[in-house]
Amino acid sequence: MEPLLDAAQRAAVGAAMRRVADAEIRPRFRALAEGDIRLKGPGDYVTEADEAAERALTPLLREILDVPVVGEEATADDPSLTRLLATEGTVWTVDPVDGTANFVAGSDTYAVMVGLVEDGEPVGGWIYHPEQGRMFEGLRGVGAFLDGRSLVAGVERSRGDDARASLTMQEPRGAVSVRYAVDSMREGLLAAEHELGGYDELRMCAGFDYADLVLQDVGYLVYTRAKPWDHVPGAALAAEAGFTVGRVDGSGYVPAVEEGAPLLAARTDRWESIREVLARNLGL
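Residues numbered from 1 in each chain as written. Predicted model: local features only at pLDDT ≥ 70, side-chain atom pairs only at ≥ 80, totals over all residues. Heavy atoms only, no water.

A.B. asks: I tried to follow the sheet that holds strand E9 (residues 149-150) on my own but got confused; where do I start?
C.D. replies: Backbone hydrogen bonds are what pair the strands of a sheet, in a parallel or an antiparallel way. Taking strand neighbours across the sheet as the criterion, the seven strands line up as E3-E4-E5-E6-E7-E8-E9 in an open arrangement whose pairing is mixed. Each of the sheet's edge strands pairs with one partner strand only, and the pair in question is strand E3 (69-71) and E9. Two strands pair when backbone bridges link them, and strand E7 (residues 134-139) and strand E8 (residues 143-146) are joined in this way by four bridges, in the antiparallel orientation. Note on E8: the bridge partner recorded for Glu 137 is Phe 145. Helix H2 (residues 48-64) contacts E3, strand E4 (90-98) and strand E5 (111-118) of the sheet and is inclined by roughly 150 degrees relative to E4. In the packing of helix H8 (residues 228-240) onto the sheet, the strands contacted are E3, E4, E5, strand E6 (121-129), E7 and E8, and the crossing angle to E6 comes to about 100 degrees. (Pairing = 2+ DSSP bridges. Helix = DSSP H or I, 4+ residues; strand = E, 2+ residues; numbered from the N terminus. Contact = heavy atoms within 4.5 Å. Axes fitted to C-alpha atoms, helices over the stretch in contact; angles between N-to-C directions.)

Right, dumping it as structure tokens:
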């Protein structure tokens, strides 16, 4: 089967993300006025950067591939847009500023994320770190890349510019955000923690979490919430790099379904063993 996008189209996605970040996001970083920030819900920030970036990026993506776009901010205004993930053959997803709370706090741990869903499955993902200039790309049938360099589980292991050995004897710890889980789920996650060797905190930016995963700086990720714009890009990238993303109850990841068992992303050869520990302690 031919890849959904050709090489020129794939390059155009990355170019569009960089262009929008330079024009709409980076000039506002650490320069937001009080009126540029508001809350959509408890702890859920939106800024002028989010909204301007999504408005700019949406038509650029449709020029590359003219299919519907399910953007985080557009969906906040029209929740019915998420139905397109199940009813349309191909759909873009956009998270214009992933990690908005970090962005508001002046942390450079934020990302621009674009995903592609085909026939209800994540098949493409682009994650851009504007302040670091890093571009992760994964497309089904093509591969996974960081700034054009191939990423394969068990081969590449680095954070930022620090080169390290390709493998270590000890697997890195997983990253889990226990504090946002409902009480019953929180208890199960805490019960599994010792058996799994302890947890680190998620970065509160899926675009950095999935980057940490494919670079093997964390051993696995567990999420109790699964918004499509947060996970389509990372799931597609991870799959091409030799990782599996699916629900802890054994079902696969379906972008159109936000509720359900926690989402687990891990290296494919370790995914089932981690899933079994989590499922047992969560009663799934």
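A.B. asks: How should the pairing of strand E15 (residues 243-247) be read in this particular structure?
C.D. replies: In regular strands, side chains alternate between the two faces of the sheet. The buried count for E15 comes to four of five residues, which makes it a mostly enclosed element. Where E15 and strand E16 (residues 263-267) come together, five bridges link them in antiparallel fashion. Paired with Gly 246 across the strands is Leu 264, a residue of E16. (Buried < 20%, exposed > 50% of the residue type's maximum accessible area, 1.4 Å probe, protein only.)

A.B. asks: Quick question: what am I supposed to make of the packing of aromatic side chains here?
C.D. replies: Any pair of aromatic rings gets described here by the distance separating the centres and the angle formed by the planes. Enumeration over the complete set of coordinates arrives at five aromatic pairs. The interplanar angle of 50 degrees and the centroid separation of 6.2 Å between the aromatic rings of Trp 92 and Trp 126 together place this pair among those described as tilted. One end of the pair, Trp 92, is in strand E4; the other, Trp 126, is in strand E6, with 34 residues separating them in the sequence. Pairwise contacts between aromatic rings join Phe 29, Phe 103 and Tyr 110 into one cluster. (Phe/Tyr/Trp six-rings, centres within 6.5 Å; stacked < 30°, edge-to-face > 60°.)

A.B. asks: Quick question: what am I supposed to make of the sheet that holds E16 here?
C.D. replies: Spatially, E13-E12-E14-E16-E15 is the arrangement adopted by the five strands of the open sheet, whose pairing is mixed. Where the open sheet ends on each side, the last strands, each with one partner, are strand E13 (199-200) and E15. Here strand E12 (residues 174-176) pairs with E13 via two bridges, running parallel. Bridge assignment links Gly 174 to a residue of E13, and that residue is Tyr 199. The sheet strands contacting helix H7 (residues 206-214) are strand E14 (220-223), E15 and E16, and the helix crosses E14 at an angle near 150 degrees. Sheet strands in contact with H8 are E14, E15 and E16, and its direction is about 140 degrees off that of E15.

A.B. asks: Got a minute to help me understand the side chain of Thr 47 in this structure?
C.D. replies: If you trace the backbone, Thr 47 turns up in strand E2 (residues 44-47). A polar contact of 2.6 Å, which involves the side chain of Thr 47, links it to the side chain of Asp 50. Ignoring anything within four residues of it in the chain, the contact list for Thr 47 reads Leu 32, Asp 36, Ile 37, Thr 100, Phe 103 and Val 104. (Polar contact = N/O pair within 3.5 Å; in protein donor to acceptor, adjacent residues only side chain to side chain.)

A.B. asks: Whenever I open this one, the nonpolar core confuses me. Can you help?
C.D. replies: Membership of the largest hydrophobic core comes to 36 residues, with the highest contact counts inside it found for Phe 136, Leu 151, Tyr 210, Leu 213, Val 214, Leu 221 and Val 245. Listed by contribution, the elements that provide at least two residues to this core are E5, E8, H7, E14, H8, E15 and E16. The greatest single-element share of this core, amounting to six residues, is contributed by H7. The contacts of Tyr 210, once residues within four sequence positions are left out, are Ile 127, Leu 221, Tyr 223, Asp 230, His 231, Gly 234, Ala 235, Val 245, Leu 263 and Ala 265. (Core = buried A, V, L, I, M, F, W, Y, C linked by side-chain atoms within 4.5 Å.)

A.B. asks: Explain the pattern of salt bridges here, please?
C.D. replies: Opposite charge on two side chains permits them to pair, given that their charged atoms come into close proximity. Going through the model one piece at a time under the given rule, you end up with 16 salt bridges. Arg 280 serves as the salt-bridge partner of Glu 195, at 2.5 Å between the closest nitrogen and oxygen. Pair noted here: Glu 195 is in the loop between helix H6 (183-193) and E13 and Arg 280 is in helix H9 (residues 268-282), with a separation of 85 residues, a long-range link. One salt bridge in this structure joins Glu 272 and Arg 275, with 2.9 Å as the shortest N-O distance. A residue pair is termed a helical-turn pair when its members lie 3 or 4 positions apart in one helix, as Glu 272 and Arg 275 do in helix H9 at three residues. Under the relative-accessibility criterion, Glu 272 is labelled partly exposed at 36%. (Salt bridge = Lys/Arg side-chain N within 4 Å of Asp/Glu carboxyl O.)

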